[in-house]
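# Structural overview for review
Here are the chains, one letter per residue:
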Amino acid sequence: MATVHSSYSRTAIALHWLIAVLVLGNIAGAVYAEGLEGPERGAIMGIHKSVGITVLVLTLWRLALRLKDGFLVLPAHMKGWEVFLARLTHVGFYVLLLALPLSGWAFAASPERPLVWFGLFELPHSPLDKAGRGVFHAVHGPAALLAIVLVVLHVAGALKHHFLDRDDVLARMLPFLRKNRADA
């Protein structure tokens with residue numbers, strides 16, 4: 001999995017930001033829906049489920065690009081623990097971006113409550129019984145909290161690179177930023 005470039009493709013950048021917006025919006029929507037009942041809650045959770053499936057598909061696309069392109073070269077000044085933490089955070093994101101939608105589907109798509117993607121088509125029902133679905137329900141919320149922790153770490157790392165290290169790591173995902181800030 002050799003890397004032959006030092007920046008992300010436009011597709012990878014678009015997928016990164018689209019997935020980020022969808023995940024953060026989905027978490028906010030689920031938190032908001034917790035205080036609701038009846039049809040309003042059902043409508044929001046229907047959107048939440050559809051967005052989750054969309055995130056799953058986009059993540060598979062993003063993961064395929066990552067496997068094809070490999071990891072980008074990190075700045076030479078990074079210490080071993082920084083490289084490890086960066087890689088761990090990225091792998092953690094991929095695990096959660098797959099686990100969250102799949103666990104949501106596993107507990108939410110039942111014959112009693114079909115999962116319909118944006119009103120267009122029904123997804124297959126989970127093969128699990130009620131107890132099995134309960135296990136995935138119990139995992140889904142804490143996994144979302146872990147995703148928030150990873151977002152905070154990810155943003156903190158990107159800001160550290162931009163403002164303290166003054167390298168182009170953040171500019172790889174925000175191409176409008178001036179590159180090679182160390183020369184400035």
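None of the values given here were measured: they were computed from a predicted structure.

What follows covers the pattern of salt bridges. Under the defined criterion, the tally for this structure stands at 5 salt bridges. One salt bridge connects Glu 34 with Arg 41, and the closest N-O pair in it is separated by 4.0 Å. Look at Glu 34 and you get exposed, because its relative accessible area is 58%. You can call Arg 41 partly exposed: its relative accessible area is 28%. Glu 112 is the partner of Arg 133 in a salt bridge, and the nearest nitrogen-oxygen pair spans 3.5 Å.

The contact between helix α3 (residues 80-108) and helix α4 (residues 130-165) brings their axes to 8 Å, and the two run at 150 degrees. In this view, α3 runs roughly antiparallel relative to α4, as classed from their interaxial angle. Of the two possible hands of crossing, α3 and α4 adopt the one that is left-handed. Two secondary-structure elements touch here, α3 through Glu 82, Thr 89, His 90, Gly 92, Phe 93, Leu 96, Leu 100, Ser 103, Gly 104, Ala 106 and Phe 107 and α4 through Arg 133, Phe 136, His 137, His 140, Ala 143, Ala 144, Leu 146, Ala 147, Leu 150, Val 151, His 154 and Lys 160.

As a further point, take the environment of Gly 25. Checked against the element boundaries, Gly 25 lands in helix α1 (residues 10-33). On the basis of relative accessible area, Gly 25 is assigned to the partly exposed category, the value being 41%.

When the terminal C-alpha atoms of α4 are compared, their 51 Å separation across 36 residues agrees well with the 52 Å that a helix rising 1.5 Å per residue should span. When we look at burial in α4, the residues that qualify are Gly 132, Arg 133, His 140, Ala 143, Ala 144, Ala 147, Leu 150, Ala 158, His 161 and His 162. Considering only its buried residues, α4 is in contact with α1, α2 (38-69) and α3. Two residues or fewer past α4, Arg 166 is found with a positive phi of approximately 55 degrees.

Of note, the phi angle at Phe 118 is positive, near 45 degrees, even though the residue is not glycine. Tracing the backbone through its elements, the reader meets Phe 118 in the loop between β1 (116-117) and β2 (121-122). Backbone geometry at Arg 166 places phi at a positive 55 degrees, although glycine is not the residue there. Among the structural elements, Arg 166 can be located in the segment after α4.

Reading guide: rules and limits
- Residues numbered from 1 in each chain as written.
- Predicted model: local features only at pLDDT ≥ 70, side-chain atom pairs only at ≥ 80, totals over all residues.
- Heavy atoms only, no water.
- Salt bridge = Lys/Arg side-chain N within 4 Å of Asp/Glu carboxyl O.
- Buried < 20%, exposed > 50% of the residue type's maximum accessible area, 1.4 Å probe, protein only.
- Axes fitted to C-alpha atoms, helices over the stretch in contact; angles between N-to-C directions.
- Helix = DSSP H or I, 4+ residues; strand = E, 2+ residues; numbered from the N terminus.
- Parallel < 35°, antiparallel > 145°, perpendicular 65-115°, else oblique.
- Left-handed = near helix turned anticlockwise from the far one by under 90°.
- Contact = heavy atoms within 4.5 Å.
- Expected span 1.5 Å × (residues − 1).

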